[in-house]
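# Report on the structure
Here is how the chains run, residue by residue.
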Amino acid sequence: MKLVGLVGTNATTSTNRQLLQYMQQHFAATAQIEIAEIADLPAFNEPESHVAPDSIQALSDQIKAADGVIVATPEYDHSIPAALKSAIEWLSYTTRPLINKPVMIVGASNGALGTSRAQAHLRQILEAPELKALVMPNVEYLLGHSLQAFDDQGNLTDTDKATELANDMTAFLDFVTLTKKITPENKFMEKNQQFSWRQITDGRD
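Residues numbered from 1 in each chain as written. Predicted model: local features only at pLDDT ≥ 70, side-chain atom pairs only at ≥ 80, totals over all residues. Heavy atoms only, no water.

A few words on the environment of Asn45. Tracing the sequence through the fold places Asn45 in the loop between strand E2 (32–36) and helix H2 (54–65). Through-space distance from the C-alpha of Asn45 to that of Trp90 is 8.4 Å; in sequence the pair is 45 residues apart. (Helix = DSSP H or I, 4+ residues; strand = E, 2+ residues; numbered from the N terminus.)

Viewed as axis vectors pointing N to C, helix H3 (residues 82–93) and helix H4 (residues 116–126) meet at an angle of 10°, and their least axial separation amounts to 12 Å. Taken together, H3 and H4 sit at an angle that is classed as roughly parallel. The segment H3 lies against H4, with Leu84, Lys85 and Ile88 engaging Leu122, Ile125 and Leu126. In the contact of H3 with H4, the residues fall into five nonpolar, no polar and one charged. (Axes fitted to C-alpha atoms, helices over the stretch in contact; angles between N-to-C directions. Parallel < 35°, antiparallel > 145°, perpendicular 65-115°, else oblique. Contact = heavy atoms within 4.5 Å. Nonpolar A, V, L, I, M, F, W, Y, C, P; charged D, E, K, R; others polar.)

Applying the stated criterion across every chain, the model contains five salt bridges. Note that Glu75 is salt-bridged to Arg117, the shortest N-O span being 2.9 Å. In this pair, Glu75 sits in the loop between strand E3 (68–72) and H3 while Arg117 sits in helix H4, placing the two residues 42 residues apart along the sequence. For Lys161, the salt bridge identified is with Glu164, shortest N-O distance 2.9 Å. Residue Lys161 and its partner Glu164 are located together in helix H5 (residues 159–182), separated by three residues, close to a single helical turn. (Salt bridge = Lys/Arg side-chain N within 4 Å of Asp/Glu carboxyl O.)

For any pair of aromatic rings, geometry is given as the distance between the ring centres together with the angle between the planes. Inspection of every chain in the model, using the stated rule, returns three aromatic pairs. Between Phe44 and Trp90, the aromatic rings sit 5.1 Å apart at their centres with planes inclined by 90°, giving edge-to-face as the arrangement. In this pair, Phe44 is assigned in the loop between E2 and H2 and Trp90 in helix H3, connecting sequence segments 46 residues apart. What links up through ring pairs into an aromatic cluster is the set Phe44, Trp90 and Tyr93. Its end group placed over the ring of Tyr141, Lys161 keeps NZ or CZ at 4.7 Å from the ring centre. (Phe/Tyr/Trp six-rings, centres within 6.5 Å; stacked < 30°, edge-to-face > 60°. Lys NZ or Arg CZ within 6 Å of the ring centre and 35° of its normal.)

Turning our attention to helix H1 (residues 15–26). Along its 12 residues, H1 runs 16 Å from first to last C-alpha, staying within 8% of the 16 Å computed at 1.5 Å per residue. Every buried residue of H1 is listed here: Thr15, Asn16, Arg17, Leu19, Leu20, Tyr22 and Met23. Looking at the packing, one finds that the buried side of H1 touches strand E1 (2–7), E2, E3, strand E4 (102–108), strand E6 (141–143) and H5. Sitting at the amino-terminal end of H1 is Ser14, which places a side-chain oxygen 3.0 Å from the backbone nitrogen of Asn16. (Expected span 1.5 Å × (residues − 1). Buried < 20%, exposed > 50% of the residue type's maximum accessible area, 1.4 Å probe, protein only. Polar contact = N/O pair within 3.5 Å; in protein donor to acceptor, adjacent residues only side chain to side chain.)

Backbone geometry follows two general trends: most residues other than glycine have a negative phi, and most peptide bonds adopt the trans configuration. The phi dihedral of Glu46 is positive, around 50°, even though this residue is not glycine. Here Glu46 shows up in the loop between E2 and H2. A positive phi angle is found at Arg96, which is not glycine, with a value near 55°. Locating Arg96 in the fold gives a position in the loop between H3 and E4. What makes Arg96 buried here is its relative accessible area of 3%.

Take the confidence of the model for the chain next. Here the chain shows a mean pLDDT of 91. Residues at 70 or above account for 89%. Here residues 186–191 scores under 50 on pLDDT; set against residues more than four positions off or in separate chains, the count is four contacts. (pLDDT = per-residue confidence, 0-100.)

To continue, consider the environment of Glu130. The topology assignment puts Glu130 in the loop between H4 and strand E5 (134–135). The class for Glu130 is buried, based on a relative accessible area of 7%. Note: C-alpha distance between Glu130 and Thr94 (36 residues apart in sequence) is 10.0 Å.

The next point concerns the pairing of E2. In this sheet, E2 lies alongside E1 in parallel orientation, the contact comprising five bridges. Across the sheet, residue Gly5 finds its bridge partner in E2, namely Ile35. At this point the chain moves from E1, through H1, to the parallel E2, and the crossover so formed is right-handed. (Pairing = 2+ DSSP bridges. Right-handed = clockwise from strand over helix to strand, strands pointing away.)

See below:
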């Protein structure tokens, strides 16, 4: 199974990147996880042409080719980072690769609560009409105190959190398999990819 692990921050050093790297290594027997960065993406500027810049198109192609997406987000001011929101806005405004795409949300934070509020916000965003991602229900992997969560080899030091992540990953792979069976390519998909932001009013200029 081919997955994209999206690093939800433009920070040079991030425990969310470490978390995805851990998943890439430890679940290699069941899934190929390709890590994607957003650090070099331009800020969203709502172009009149609705054409994606090359870097956004490359990310979109990466997502389209994958069976599912894992988004690892930090929490900034009770929400997701601006860089992640900008990347998502580009995708929703141009290529819309997340339609019916299975998505798993994880998050690491040095706070005790992990990224619970950011994950709730991200779930709401990804389920918006412009995106229509299939966010995995009933899973919320929260890695708190993340600066102390990994050893020098990049392994999770808390065996309970490692087991929880393994169980969540197994559930996500099952979720991806299930969604493939119930959301085949059809006219519904074609119709939704023609969705335009101009069809709705949500306060944009």
